[in-house]
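So you can see what is in the structure, the chains are spelled out below.
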Amino acid sequence: MTTATTTAPAPAPVTTPPGASWAAVSALARFETRMLLTRVPVVVALAVYIAWTVWRTRVSFDGFPALQDADRATQDGPLLVGLAVLLSANHAVLRSRRHDTERHVDVLVLPRWGRTVAHLLSVAAAALVTAVCVGGQFAWEALKPGAVGHGSPAELLVGPLSVLLLGGFGVLLARLVTAPFAAPLLIVLLLFLATFLGFSAGGWTRWLMPSVGTYSVVTLPSDLIGRPAAWHALYLGGLALALMSAAVLLSGGARLRTAQAAVAGAVALTLIGAVGQSRGVPETVTEARVRASVTPEKLHTCVERDATTYCAFPEWQPRTGDWARAVGDVRALAGGDAQDRPLVVRQRVEARYGLDADATLTPLTRPGEVTVGTAWGGNRVPEFAVAVAGVLVAGSEAGAGGLCDGRMVTVMWLALADRPDPVADLRRVRLDDSDTGSSIVVSQTEPLQMTSAQTELLRELLELPREKAAAKVKAGWAELTAPKVTTDRVAQVLGLEKPEGENECL
């Protein structure tokens, strides 16, 4: 009897398709992204960032933003998110060491450098979420009815790139130092450097920081900003890529040609961006700033509404309607020929000293010309109304700047009487925010002065019904606007009690 034996066929060799490892990286990246975005520090940072952005953007720029300023306003908030991502990404990379599972993870098909790439992709996802928030904030500003100007895409990239840079730094730190306290210490160091370089350095070294916020005292036309925004974005992107590529190399990817090329290219981009952003303001921008400051009329586009011509920089043309409403309110209260007298509202800016300049404009000497600045809304509206009223009463800005007589009562009443809350606006245009006593009235050009007696008389006039007070002003217009008319005489013409306060200019 013979027994037949059969041999089981050998199993077919298992082959791993070329894309299987990247599929594993993608799957791990999705897991790490979900874990990263739900970490408590990241959730809290995003919540605070979004809440702060919503709260601030509701009333930012008094509802009249210049988009070349609004783009820079998106850069500081993402730094909070970036620090949270740094801490959380570092914590995620060290998870296997913290739980003593490193020896188990090392036997997986996915190599160590692949796991690092997955963590870096989760950081990129956090940067993308930040980019959505930045885009939403800027879109909100751009959709406001009073928005003018043009934003810079490079300025808008700073926030997301800062998150990418800080998150990549956290992953790299985990591959360099396995101690769990390294990331918190790094955050403290970064905050110290930000304070030191951000407030102490005024030269090119400040551009080594992720966000370089320039406090803008004056709003400039977008072509006069002069910030190396594109170079800075290139520097941040190159530095982030360099740190991320270095993390891959330290994770066992030193033999990967792609990682080697990425490091070389990233370092080159970083150096190019660093050199480019250190060159300062281009000469062409400096020359353009001088032209805009000295001869703005050569750059203006003018339109005529009723008896007033409005000359503005091209980006501010949509705002002439707001200026016209303010001029119309003042003209409607004036008497004599002031309602139909030709005026020229000319936009002016002092751009020669850059964004941090705080120079007062010289009053215009030509009759009937009024200065309007590049900012609008809030206190700027009653300040402009005071300037218009001063020109209608004194004839020119130079003449209005020297007022020290009873005409100040007429000027201030014309400017404030048609406002929703005249007394509140009186406080807004005065240097000490007062509505009693003597004070300086803020102006785009030469400030005006109000004595205690003039303030007292103005308050009394504002308490009258507007139609009744307007009738008194129009009836006595010639005498109320006569040079050197006294405050006591103004009170007599208006039929008001003689003020008791002092009547001497400061």
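Residue indices follow the written sequence of each chain, beginning from 1 at its first position. Note on the predicted model: pLDDT of at least 70 is required for a residue's local features to be given, and 80 or more for side-chain atom pairs to be given and counted; whole-chain, interface and lining totals, by contrast, use all residues. Values shown for side chains rest on all heavy atoms present in the structure; no hydrogens or waters enter the calculation.

Peer 1: Would you mind going over the overall build of the chain with me for this structure?
Peer 2: The number of helices and strands found in the chain is 21 helices and six strands. Here the term buried applies to any residue with accessible area under 20% of the maximum for its type, exposed to any over 50%, and partly exposed to those in between, with areas from a 1.4 Å probe on protein chains only. Every one of the 506 residues in the chain was classed for burial, and the buried ones make up 48%. Two residues form a contact once any of their heavy atoms are found within 4.5 Å. By sequence separation, contacts in the chain at least 24 residues apart represent 74% of the contacts at least 6 residues apart. Strands here are runs of E lasting at least two residues and helices are runs of H or I lasting at least four, both read from the DSSP assignment and numbered beginning at the N terminus.

Peer 1: Would you take a moment to explain the UniProt feature "transmembrane region" (unreviewed entry) in the chain for this structure?
Peer 2: Mapped onto the present numbering, the UniProt feature "transmembrane region" (unreviewed entry) falls at residues 36-55, 77-96, 117-140, 160-178, 185-209 and 229-250. Between the C-alpha atoms that bound residues 160-178 there is a distance of 27 Å. The span itself is 89% helix and 0% strand. This span, residues 229-250, is 100% helix and 0% strand, and a straight line between its end C-alpha atoms measures 32 Å. UniProt positions are given in the numbering used here, feature names are shortened, and annotations may be inferred rather than shown by experiment.

Peer 1: Can you walk me through the pairing of strand β4 (residues 369-372) in this structure?
Peer 2: Across a regular strand the side chains alternate sides, sitting on one face of the sheet and then on the other. Burial of β4 is two-sided: the residues Glu369 and Thr371 facing one way and the residues Val370 and Val372 facing the other way are all buried. Only strands joined by at least two bridges in the DSSP assignment are considered to pair. Pairing analysis gives four bridges linking strand β3 (residues 343-347) to β4, with the strands arranged parallel. Pairing of valine 345 across the sheet is with valine 370, part of β4.

Peer 1: Explain the pairing of strand β1 (residues 301-305) here, please?
Peer 2: Bridge count between β1 and strand β2 (residues 308-312): five bridges; the pairing is antiparallel. Residue pairing in the sheet places cysteine 302 in a bridge with cysteine 311 of β2. Hairpin connection from β1 to β2: two residues lie between these consecutive antiparallel strands, with aspartate 306 at a positive phi of about 55 degrees.

Peer 1: Explain the confidence of the model for the chain to me, please; I cannot follow it from the model alone.
Peer 2: As a note on interpretation, predicted positions should not be read in detail where pLDDT is low. For every residue, the predictor reports its confidence as pLDDT, a number between 0 and 100. Predicted confidence across the chain gives a mean pLDDT of 88, with 90% of residues reaching 70 or more. Predicted confidence is poor over residues 12-20, with pLDDT under 50, and the contacts of this stretch with residues over four places away or in other chains come to zero contacts.

Peer 1: Explain the state of the cysteines here, please?
Peer 2: Disulfide: a covalent bond connecting the sulfur atoms of a pair of cysteines. Only a pair of cysteine sulfur atoms within 2.5 Å qualifies as a disulfide here. On inspection of all chains with the given rule, the structure shows one disulfide. Two residues, cysteine 302 and cysteine 311, share a disulfide whose sulfurs are 2.1 Å apart. Its torsion about the S-S bond being 110 degrees, the disulfide of cysteine 302 and cysteine 311 is classed as right-handed.

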